[in-house]
Amino acid sequence: MRTVEQLDSLRATLDGWQGRRGRVGLVPTMGNLHAGHLRLIRVLRDHCDRTVVSIFVNPTQFGPGEDFQSYPRTLDADLEALERESCDLVWLPDVETMYPLAESFRIQPPDRLTQKLCGLDRPGHFNGVASVVLRLFNQVSPDVAIFGEKDFQQLLIIRQMVKDLALPIEIQALPTVRESDGLAMSSRNQYLTAAERAIAPLLHQTLIELAEKLSAEHSWEDSRQLAWDQLEEAGFQPQYLEWLSAESLGPPQPGRPQRLLVAARLGKARLIDNVGLV
Ligand code: PAF
């Protein structure tokens, strides 16, 4: 496994693969790797010959007062895990490499995709995500990249960016990887106290129950209100609970893929989750 910190070394390694490089796959991450990330790597391996994992805690996707400074950084453990996964290359740019200009160019995804869900609670977040993912795509030139469905809005925005900018990159999606009690795996789960961790799976259970009610044709408004109240009673501060089209994030369309999406604060953690409906 090669670990590369400079753009010219990255390019030299990628060039060295040329001719016999086969398909290059990229897993973009912010590090603090957990079993969900490792599953992304394993699944991607079926779609490519060489695996590149990037680790970069991207400052432009954190808002003022968010956890950029305290975001868990565990590089040594991450590198050990990637070595065990037989990752070919780890790309470790610093902020100057990623954003060489003091006033950097930014990608602005369409409001239709950002002015809802996490985009309302985290203004500018998806501008930062799209800007860094486009940079990673330009630096690594992957044939395929993979993202988790836990960050469903991010996944849709990246798919739209690839389509709109005609990037020759296949985007693969991995269903959310969960703990045995249903909690979606996330680096931010470690902000939970033991008591909060015990109630955190209620977020996923709430989505499952709502999905069952919708398929039994219960009223969405009533079911949503009940679910919201239950979350609040358990100690969550819900931020959104929405039922949307899984294709456009617009209103759900009968017979088309749909999604239930939730975000809630629990103590110091902001948790998100979503489940699919047909
Ligand atoms: O999902 C993440 O970890 C980040 O948003 C990503 C895609 C690596 C961009 O910084």
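Here's what I pulled together on the structure shown here.

### So, the overall build of the protein
- A count of helical and extended segments in the protein gives 11 helices and nine strands.
- Taken over the C-alpha trace, the protein has a radius of gyration of 19 Å; the compact-globule value for 278 residues is 19 Å, and the two agree within 12%.
- Taken over the C-alpha atoms alone, the protein extends approximately 60 × 40 × 40 Å along its principal axes.
- Within the protein, buried positions represent 54% of all 278 residues.
- Of the contacts formed within the protein by residues at least 6 apart in sequence, a portion of 72% connects residues at least 24 apart.
- When the accessible surface of the protein is summed, it comes to about 13300 Å², and 49% of that surface belongs to carbon and sulfur atoms.

### Comments concerning the side chain of T29
- Tracing the backbone through its elements, the reader meets T29 in strand β2 (residues 24–29).
- The class of T29 is buried, set by a relative accessible area of 8%.
- Of the polar contacts made by the side chain of T29, one reaches the backbone nitrogen of G31; its length is 3.0 Å.
- With sequence-adjacent residues up to four places away left out, T29 is seen in contact with H37, V53, S54, I55 and F56.

### A word on the site of the ligand
- What surrounds the ligand is the set P28, T29, M30, N58, Q61, V132, F147, D151 and Q154.
- Within the side chain of Q61, an N or O atom sits 2.6 Å from an oxygen atom of the ligand.
- Side-chain polar atom of Q154 to an oxygen atom of the ligand: 2.7 Å apart, as the coordinates give it.
- Alone, the ligand offers 290 Å² of accessible surface; in the complex the protein occludes 88% of this.
- Of the residues contributing to the shell around the ligand, the split by class is four nonpolar, four polar and one charged.

### Here we look at the nonpolar core
- Ranked by size, the top nonpolar core spans 43 residues in total, and within it V52, W91, V133, F137, F147, I158 and I171 carry the most contacts.
- In contact with I158, other than residues within four places in its own chain, are V129, V133, F137, F147 and I171.
- In this structure, F62, L214, L241 and A269 belong to the second largest nonpolar core, which totals 27 residues.

### Notes on the packing of helix α1 (residues 7–17) against helix α7 (residues 125–140)
- Two numbers describe how α1 lies on α7: the axes approach to 9 Å, and their chain directions differ by 50°. When the axis of α1 is compared with that of α7, the two are oblique. Residue-level contacts link L7, L10, R11 and L14 of α1 to N138, Q139 and V140 of α7.

### A short note on α7
- Counted at 1.5 Å a residue, the expected span for α7 with its 16 residues is 22 Å, and the 23 Å between its end C-alpha atoms agrees.
- Judged by how many residues are buried, α7 sits mostly within the fold: 15 of 16 residues are covered.

### Concerning the pairing of strand β6 (residues 170–174)
- With five bridges joining them, strand β5 (residues 144–148) and β6 adopt parallel strand pairing. By the bridge assignment, I146 is partnered in β6 with Q172.
- Between the parallel elements β5 and β6, the chain passes through helix α8 (residues 152–164) in a crossover that is right-handed.

### Some thoughts on the pairing of β5
- A large share of β5 lies buried, amounting to four of its five residues.
- By the bridge criterion, two bridges tie β2 to β5 in an arrangement that is parallel. Across the sheet, residue L26 finds its bridge partner in β5, namely A145.

### Re the sheet that holds strand β1 (residues 2–4)
- Read from one edge of the open sheet, six strands run β1-β4-β3-β2-β5-β6, paired in parallel fashion. Either end of the sheet is taken by a strand with one partner, and the two such strands are β1 and β6. Sheet twist, expressed as the mean angle between neighbouring strand axes with direction ignored, is 25°.
- Contacts from α1 reach β1, β2, β3 (50–55) and β4 (89–91), with the element oriented near 150° to β4.
- Most of the contacts of α7 go to β2, to which it runs at about 150°, and overall it touches β2, β3, β4, β5 and β6.

### Some remarks on the pattern of salt bridges
- One pass over the structure, following the stated rule, counts 11 salt bridges.
- Of the charged contacts, one joins R23 and E170 as a salt bridge, the two residues approaching to 2.7 Å between their closest N and O atoms. Remark: E170 occurs in strand β6 and R23 occurs in the loop between α1 and β2; sequence separation between them is 147 residues.
- A relative accessible area of 31% places R23 in the partly exposed class.
- Exposure remark for E170: the relative accessible area of 30% places this residue in the partly exposed category.
- E247 is paired through a salt bridge with R256; the nearest N and O atoms lie 2.4 Å apart.
- According to the relative accessible area criterion, R256 is partly exposed, its value standing at 43%.
- Three or more residues are tied together by salt bridges with common partners; here these are R42, R45 and E85.

What counts and what doesn't
- Residues numbered from 1 in each chain as written.
- Predicted model: local features only at pLDDT ≥ 70, side-chain atom pairs only at ≥ 80, totals over all residues.
- Heavy atoms only, no water.
- Helix = DSSP H or I, 4+ residues; strand = E, 2+ residues; numbered from the N terminus.
- Rg over C-alpha atoms; globule rule 2.2 N^0.38 Å.
- Buried < 20%, exposed > 50% of the residue type's maximum accessible area, 1.4 Å probe, protein only.
- Contact = heavy atoms within 4.5 Å.
- Areas by Shrake-Rupley, 256 points an atom, 1.4 Å probe, with all protein chains shown as cover.
- Polar contact = N/O pair within 3.5 Å; in protein donor to acceptor, adjacent residues only side chain to side chain.
- Near = heavy atom within 4 Å.
- Nonpolar A, V, L, I, M, F, W, Y, C, P; charged D, E, K, R; others polar.
- Core = buried A, V, L, I, M, F, W, Y, C linked by side-chain atoms within 4.5 Å.
- Axes fitted to C-alpha atoms, helices over the stretch in contact; angles between N-to-C directions.
- Parallel < 35°, antiparallel > 145°, perpendicular 65-115°, else oblique.
- Expected span 1.5 Å × (residues − 1).
- Pairing = 2+ DSSP bridges.
- Right-handed = clockwise from strand over helix to strand, strands pointing away.
- Salt bridge = Lys/Arg side-chain N within 4 Å of Asp/Glu carboxyl O.

These values are about where atoms sit, not about what they do.
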